[in-house]
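What follows is the residue order along each chain.
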Amino acid sequence: MKKFKCFLLAVTIFLSNLAQGVEIKGNIEIPDAVFIYEAIFYDDYQLMVTLEKDSTLTAPELATHFFSNLIRLGYDCGNSNLVCGGKDTLSMLHLNLNLATSASWFAKHLHDVGCFQHETCCDLEYDQDNEVACIEGTEGTSYKGTSWTQRCSMFFASCTGENIAAGNYAASATICQWLNSPGHRSNMCSSSFNSLGTGVYLGSKNYRYYWVQNFGGSSGQGRLRPGAIFDGAAIGLSSTASGVIVSSPTSKAKNVIVEINGTPFGMDLKMGTGSRGAYTANVSISLCDRYRFHAEFEDSVKETIPSTGYYIYRNNKEECDISEEYPYPDEDFFADDDQEEKDVEIFDDIDDHDESPDISLVLPDFDPGEKADAEQEETQDDGSVFNDFYKEEEESSSGCSCNIVPF
């Protein structure tokens, strides 16, 4: 009788969680979008997902993901000694929204509490709204709370590596800050990682700007990786640039565009090849504009990222009031029908990339300042303080020797 009661209790909890929309199975890759409310199939699992606008990635978070993949393509911040080993075969990192939610929460937590470590600065619990929160009375700037792997698991994510940084405003500068530190560089160049979630909080306290990378081993689907709008000066573009990553081993990209508020703009190959490379374009965009990326491949496959909805151009999640689910009708920008002359000009075929299979970035001179302590590779919570070329104080730290855990 006792076993039967336990069974009934377990069934009741399962049905209650399902009714509340709580994710039962961890490590499920969820498409990145403004809004999703649809059945999503992964193998034999069906998951109803409701994604509110505040769960979507901000412009700095998307930029961090884009530059993380540039690193794996060979971007070196102006120092050829920092190029990732195996750069020609490293997988391009998929977005895992659970990892991203964990990273985003942690970036804001570090800013708000004023601490800098991989453990949370408090003990964590689920509050009455089933959200991750600090247990009252445990919060402190030097308090060693919940571990980084345990924190990730509370967001239904499996973190196998983590980098944190503070002090820089731009994603490209933060990426170079990490690249110049052996422990962080090891994480970003690791062949063990296939997915990534990024978190950024741009605030006004302490180091002001906080950045988090949470790496995972699971992979996703599709030929496109998250695109971004970012400051392009670091890679020889205008101050406002767009970029998207193509990873298509079976067929090269033929046309790639960025769509901003329903208007398409052609993109050119900047680094890598048409089957594994970065496409960029100079663009003009305003706060709260919506954008997404499209690619057409030589085997006639067409893909869009995000696959549902749009990215929203904003630095912080609360900046934009989103009132429409799908503000612009879906349109096949690669249709074979007769097009107006202006569209033909936009989608002229990109030059044959076979003649130039590897395109290098033209980088400005960059002085990374004093390198982070090499001992970060040995010690999880060792952060170094130094000045970058913005003359701002900054810190960085990584999962280091603790960056690999059993799957």
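Note: the structure precedes this text.
A quick note: this is a predicted structure, and the numbers were derived from the prediction, not measured.

Draft legend 1. Representation of the overall build of the protein within the structure. Secondary structure summary: the protein contains 7 helices and 19 strands in total. Put simply, of all contacts in the protein between residues at least 6 apart along the chain, 68% involve residues at least 24 apart. Per element, the accessible surface of the protein, about 18600 Å² overall, is 47% carbon and sulfur.

Draft legend 2. Just the sheet that holds strand β14 (residues 276–282), in detail. Spatially, the 4 strands line up as an open sheet ordered β9-β10-β14-β13, and their pairing is antiparallel. Only two strands of the sheet have a single partner each, and these edge strands are β9 (224–230) and β13 (268–273). Taken pair by pair, the neighbouring strands of this sheet meet at an average axis angle of 15 degrees, ignoring direction. As paired strands, strand β10 (residues 241–247) and β14 are joined by 7 bridges and run antiparallel to one another. Its bridge partner lying in β14, Val244 is registered against Tyr279.

Draft legend 3. Molecular detail of the nonpolar core. Residues Phe67, Leu70 and Tyr75 are the most contacted members of the largest nonpolar core, which totals 62 residues. With 7 residues, helix α2 (residues 59–73) is the single largest residue contributor to this core.

Draft legend 4. Representation of the environment of Ser275 within the structure. Position of Ser275 relative to the elements: it lies in the loop between β13 and β14. In sequence terms Ser275 and Ile245 are 30 residues apart; their C-alpha atoms lie 9.6 Å from each other. Every residue in contact with Ser275, bar those within four places of it in the chain, is listed here: Val246, Ser247, Ser248, Pro249, Ser251 and Lys252.

Draft legend 5. Fine view of α2. Compared with an ideal rise of 1.5 Å per residue, which puts 15 residues at 21 Å, α2 spans 21 Å between its outermost C-alpha atoms and is within 8% of the ideal. Of the residues trailing α2, Gly74 is marked for its positive phi of about 120 degrees.

Draft legend 6. Here's a closer look at the pairing of strand β11 (residues 253–260). With respect to burial, β11 is a largely interior element, 7 of its 8 residues being buried. Both β11 and strand β15 (residues 290–297) contribute to a ladder of 7 bridges, which runs antiparallel. In the sheet register, Ile260 faces β15, and the bridge partner there is Tyr291. In this structure, β11 lies alongside strand β12 (residues 263–266), joined through 4 bridges in antiparallel fashion. Following the sheet pairing, Val258 is matched in β12 by Phe265. In this antiparallel pair of consecutive strands, β11 and β12, the connection spans 2 residues, and Asn261 shows a positive phi of 50 degrees.

Draft legend 7. View of the environment of Ile164. Here Ile164 is to be found in strand β6 (residues 161–166). On a C-alpha basis, the gap between Ile164 and Val212 in space is 4.5 Å, while along the polypeptide they are 48 residues apart.

Draft legend 8. The arrangement of unusual backbone geometry in detail. Backbone torsion omega between Ile305 and Pro306 reads 0 degrees, so that peptide bond is classified as cis. Relative to the assigned elements, Pro306 resides in the loop between β16 (302–305) and β17 (311–312). Notably, Asn261 is not glycine yet its phi reads approximately 50 degrees, a positive angle. Within the element layout of this structure, Asn261 appears in the loop between β11 and β12. Look at Cys288: it is not a glycine, yet its phi comes out positive at around 75 degrees. Considering the arrangement of structural elements, one finds Cys288 in the loop between β14 and β15.

Draft legend 9. Local environment of the state of the cysteines. Counted according to the given criterion, the structure contains 6 disulfides. In this model Cys115 forms its disulfide with Cys121; the gap between the sulfur atoms is 1.5 Å. Judged by the torsion about the S-S bond (75 degrees), the Cys115/Cys121 disulfide is right-handed. We note that Cys115, like Cys121, is buried. Between the sulfur of Cys122 and that of Cys134 lies a disulfide, 2.1 Å long from S to S. What sets the handedness of the Cys122 and Cys134 disulfide is the S-S torsion sign, and at about -70 degrees it is left-handed. Here Cys122, found in the loop between α3 (97–113) and β4 (124–126), pairs with Cys134, found in strand β5 (residues 132–134); they are 12 residues apart in sequence, far enough to count as distant. Regarding the disulfides, the protein carries the connectivity 1-9, 2-10, 3-4, 5-6, 7-8, 11-12 under sequence-order numbering of its bonded cysteines.

Draft legend 10. Structural detail: the packing of aromatic side chains. Under the definition given, this model contains 10 aromatic pairs. Judged by centre distance (5.8 Å) and plane angle (50 degrees), the ring pair of Phe67 and Tyr75 falls under tilted. Between the aromatic rings of Phe193 and Phe215, the centroid separation amounts to 4.9 Å while the plane-to-plane angle is 20 degrees, which identifies the pairing as stacked. Here Phe215 lies in strand β8 (residues 209–216) and Phe193 lies in the loop between α6 (182–188) and β7 (195–202), a separation of 22 residues in the sequence. There is no split in this pair, since Phe193 and Phe215 are both buried.

Conventions and cut-offs
- For every chain, the first residue of the written sequence is number 1, and numbering continues from 1 onward in sequence order.
- In view of the model being predicted, local features appear only for residues whose pLDDT reaches at least 70, and side-chain atom pairs are presented and counted only at 80 or more, with totals across whole chains, interfaces and linings using the full set of residues.
- Hydrogen atoms and water are omitted, and side-chain values are computed over all heavy atoms in the structure.
- For helices the rule is a DSSP run of H or I covering at least 4 residues; for strands it is a run of E covering at least 2, with both sets numbered from the N terminus onward.
- Contacts were defined at the residue level, with two residues in contact if any of their heavy atoms lie within 4.5 Å.
- For the accessible areas, the method is Shrake-Rupley and the probe is 1.4 Å, while residue cover comes only from the protein chains on display.
- Strand pairing is defined by DSSP finding a minimum of two bridges between the two strands.
- The axes used here are C-alpha line fits, helices contributing only the stretch in contact, and every angle between their N-to-C directions lies in the interval 0 to 180 degrees.
- By nonpolar core is meant a set of buried Ala, Val, Leu, Ile, Met, Phe, Trp, Tyr and Cys residues that side-chain atoms within 4.5 Å join together.
- Between buried and exposed lies partly exposed: a residue is buried under 20% and exposed over 50% of the maximum accessible area for its type, with that area taken using a 1.4 Å probe on protein chains only.
- Multiplying 1.5 Å by the residue count of a helix minus one yields the expected span of that helix.
- Note on disulfides: each one is a pair of cysteine sulfur atoms within 2.5 Å.
- Within 6.5 Å between ring centres, the rings of Phe, Tyr and Trp (the latter by its six-membered ring) count as paired, and their orientation is classed by plane angle as stacked under 30 degrees, edge-to-face over 60, tilted in between.

By themselves, these are just geometric observations and shouldn't be taken as functional.
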